[in-house]
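# Fold and contact review
As a plain string of letters, each chain reads:
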Amino acid sequence: MKKTKMIICDLDGTLFDTSEVNYQAYKKSLNEMGYELNYSFFIKECYGKHYKEFLSKLNLKEEEIEKVHIIKKIFIEII
């Protein structure tokens, strides 16, 4: 008998509210770079958008944006 395998993905927060987890990960990542991230700004301007789109609104340089993205991936695993 063939076993069926299934993966459930929630990339847009439909099944699980990921806003707080993502906020905390980006907040910690930006703190590492010397930036602050306000929760209301994150929800209004960032959540659900591509990281390059909303991090550029914080006037980060391209190399800073990529570094924040890498650091965020580490924090998201910890949270």
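Definitions and limits used
Residues numbered from 1 in each chain as written. Predicted model: local features only at pLDDT ≥ 70, side-chain atom pairs only at ≥ 80, totals over all residues. Heavy atoms only, no water. Phe/Tyr/Trp six-rings, centres within 6.5 Å; stacked < 30°, edge-to-face > 60°. Helix = DSSP H or I, 4+ residues; strand = E, 2+ residues; numbered from the N terminus. Buried < 20%, exposed > 50% of the residue type's maximum accessible area, 1.4 Å probe, protein only.

### Examining the packing of aromatic side chains
Inspection of every chain in the model, using the stated rule, returns 6 aromatic pairs. Measuring from centroid to centroid gives 4.9 Å for Tyr-23 and Tyr-39, while their planes differ by 85°, and the two rings are edge-to-face. Of this pair, Tyr-23 sits in helix H1 (residues 19–32) while Tyr-39 sits in helix H2 (residues 39–46), and the two are 16 residues apart along the sequence. For Tyr-23, a relative accessible area of 7% corresponds to the buried category. Classification of Tyr-39 as partly exposed rests on a relative accessible area of 35%. With a centroid separation of 6.3 Å and an interplanar angle of 90°, the aromatic rings of Phe-42 and Phe-54 are classed as edge-to-face. Note that Phe-42 is positioned in helix H2 and Phe-54 in helix H3 (residues 51–55), a separation of 12 residues in sequence. Given the relative accessible area of 1%, Phe-42 is considered buried. By relative accessible area, which is 2% here, Phe-54 ends up buried. A connected cluster of aromatic rings, assembled from ring pairs, spans Tyr-23, Tyr-26, Tyr-39, Phe-42, Tyr-47 and Phe-54.

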